[in-house]
Amino acid sequence: MLSLEKISELLGKDSDILLQHESKTISKDLLHLPGPDTIDRIYQPTSRNPQVLRSLGQLFNTGRLARTGYMSVLPVDQGVEHSAGASFAKNPAYFDPENIVKLAIEGGCNAVASTFGVLASVSRRYAHRIPFIVKINHNELLTYPNKADQVMYGTVQEAWNLGAAAVGATIYFGSDNADRQLVEVAQAFELAHELGMATILWCYLRNDAFKKDVDYHLAADLTGQANHLGVTIQADIIKQKLPEVNGGYKALNTGASSYGKLDERIYTELTSANPIDLCRYQVANCYMGRMGLINSGGASQGDADMADAVRTAVINKRAGGVGLISGRKAFQRPMKDGAALLNAIQDVYLNQEVTIA
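Scoring rules and cut-offs
Residues numbered from 1 in each chain as written. Predicted model: local features only at pLDDT ≥ 70, side-chain atom pairs only at ≥ 80, totals over all residues. Heavy atoms only, no water. UniProt positions renumbered as here; feature names shortened; annotations may be inferred. Helix = DSSP H or I, 4+ residues; strand = E, 2+ residues; numbered from the N terminus. Contact = heavy atoms within 4.5 Å. 1 Å grid on protein atoms, 1.4 Å probe; cavity = no way out; pocket = protein on both sides within 12 Å on 5 of 7 lines; lining within 4 Å. Points joined across faces, edges and corners; volume = space filled by probe spheres on them. Nonpolar A, V, L, I, M, F, W, Y, C, P; charged D, E, K, R; others polar. Disulfide = S-S within 2.5 Å. Buried < 20%, exposed > 50% of the residue type's maximum accessible area, 1.4 Å probe, protein only. Polar contact = N/O pair within 3.5 Å; in protein donor to acceptor, adjacent residues only side chain to side chain. Pairing = 2+ DSSP bridges. Right-handed = clockwise from strand over helix to strand, strands pointing away.

An unreviewed UniProt entry lists the protein under the name fructose-bisphosphate aldolase, with Chitinophaga eiseniae as the source organism. Check the Sequence similarities (unreviewed entry) section of the UniProt entry for the protein; it says "Belongs to the DeoC/FbaB aldolase family. FbaB subfamily."

Structure below.
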């Protein structure tokens, strides 16, 4: 178990900024925070049927974070999203789907998220041992030139048949195809709920116009609104990249064109420059935490991965999020080391000295 001192050491120069920060933006008292009673307190009053509540219970009550209200997920869909060669060249063992599931179990995860093919290939052996999250759509990257579009790779019924506890999907908000994806995913999530599965939405932004002087795909205001659209179609859990900047709406509202709607108080009252406050704005847009926010672990950077993963977990937890979904940092290294990294993430959520800001 990582002590607070070890967590502080891994955070380095950002230790005080992250561990000592007290948020003065959106009060923690307004948030619906994770806890052992998350299912009863947050999801039970909703329109979700008892089968969905049972599936959510599987997700929240498995692994090292069981019954804490927090979640650690291993996602490995990069074989499609980033090409299998690029994803698994560092560790070819993960071309074999069984090793993906083994890593999730060895790493103490709440669930494993992957493709129809990966999970179906080992479903009879493992679906009862760890909750499966089937990613039902992907960006197909063989078309030249590459384009940003999420395409359905199978059906919700197929995910149910292979024993999934949940389905996951991506919408590229801001892309040319966002409207079609929104309709497809909303319909898929409705059917998933009817069949008793939970739903997780990757709320990503994708538009070349968002890349100006900085990358506004990671802006708190834009990602926050993407989250709000995600919970609008009744996603149970939102997956979002950690915000690194702000002011996406302002940057896109140039003199030549108008983009979206904004209120200056987004920047003066509801957020600050502190990473925790930027992330809290994402949580607020998930109905003040009624629908859980899990942040992405990001790409592998080698020796810095452990510190980076712990940093992301601290920000998410202190902002009011429910966990981390970390793939490449874990599977692009030997299984023992990958499991240790996943355990370090979980240690942040298990450490009661890391509190809500």
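There's plenty left to go through after this.
A. Layout of the environment of Cys279. Among the secondary structure elements, Cys279 is positioned in helix 14 (residues 275-284). Taking the C-alpha atoms as reference, Cys279 lies 34 Å from Gln157; in sequence the two are 122 residues apart. If near-sequence neighbours (up to four positions away) are discounted, Cys279 is found in contact with Leu242, Pro243, Leu293, Asn295, Ile315, Asn316 and Ala319.

B. Highlighting the layout of surface pockets. Taken as a whole, the largest pocket holds about 690 Å³ of empty space. Mapped by element, the contributors of at least two residues to the lining of the largest pocket are helix 5 (78-88), strand 6 (166-173), strand 7 (198-205), helix 14, helix 15 (305-319) and helix 16 (328-331). In terms of residues, the lining of the largest pocket owes the most to one element, helix 15, which gives four residues. The residue makeup of the lining of the largest pocket, split by class, is 13 nonpolar, eleven polar and eleven charged. Here the second largest pocket is characterised by a volume of approximately 390 Å³. Along the walls of the second largest pocket sit 18 residues, with Ala148, Arg206, Asn207, Asp208 and His217 positioned nearest its centre. Residue classes in the lining of the second largest pocket are distributed as four nonpolar, seven polar and seven charged.

C. Representation of the state of the cysteines within the structure. Taken as a whole, this structure holds zero disulfides when the rule is applied. Residue Cys109 stays outside any disulfide, its sulfur separated by 19 Å from that of Cys279, the closest cysteine. Looking at the unpaired Cys279, the closest cysteine sulfur is the one in Cys286, lying at 9.1 Å. For Cys279, a relative accessible area of 0% corresponds to the buried category.

D. Region of the structure containing the side chain of Arg333. Checked against the element boundaries, Arg333 lands in the loop between helix 16 and helix 17 (335-350). Polar side-chain contacts of Arg333 include one of 2.7 Å to the side chain of Asp305. Dropping the residues within four chain positions of it, Arg333 is found in contact with Asn91, Tyr94, Ser300, Gly302, Asp305, Gly338 and Leu341.

E. Local environment of the pairing of strand 6. Counting buried positions along strand 6 yields eight of eight residues, so the element is predominantly enclosed. Here strand 6 shows a buried face lined by Ala166, Gly168, Thr170 and Tyr172 and a second buried face lined by Val167, Ala169, Ile171 and Phe173. Pairing of strand 3 (residues 132-135) with strand 6 involves three bridges; the strand directions are parallel. Directly across from Ile133, in strand 6, lies its bridge partner Ala166. Where strand 6 meets strand 7, eight bridges bridge the pair, whose relative direction is parallel. Bridge assignment links Ile171 to a residue of strand 7, and that residue is Cys203. In terms of handedness, the path from strand 6 via helix 10 (residues 178-195) over to strand 7 forms a crossover that is right-handed.

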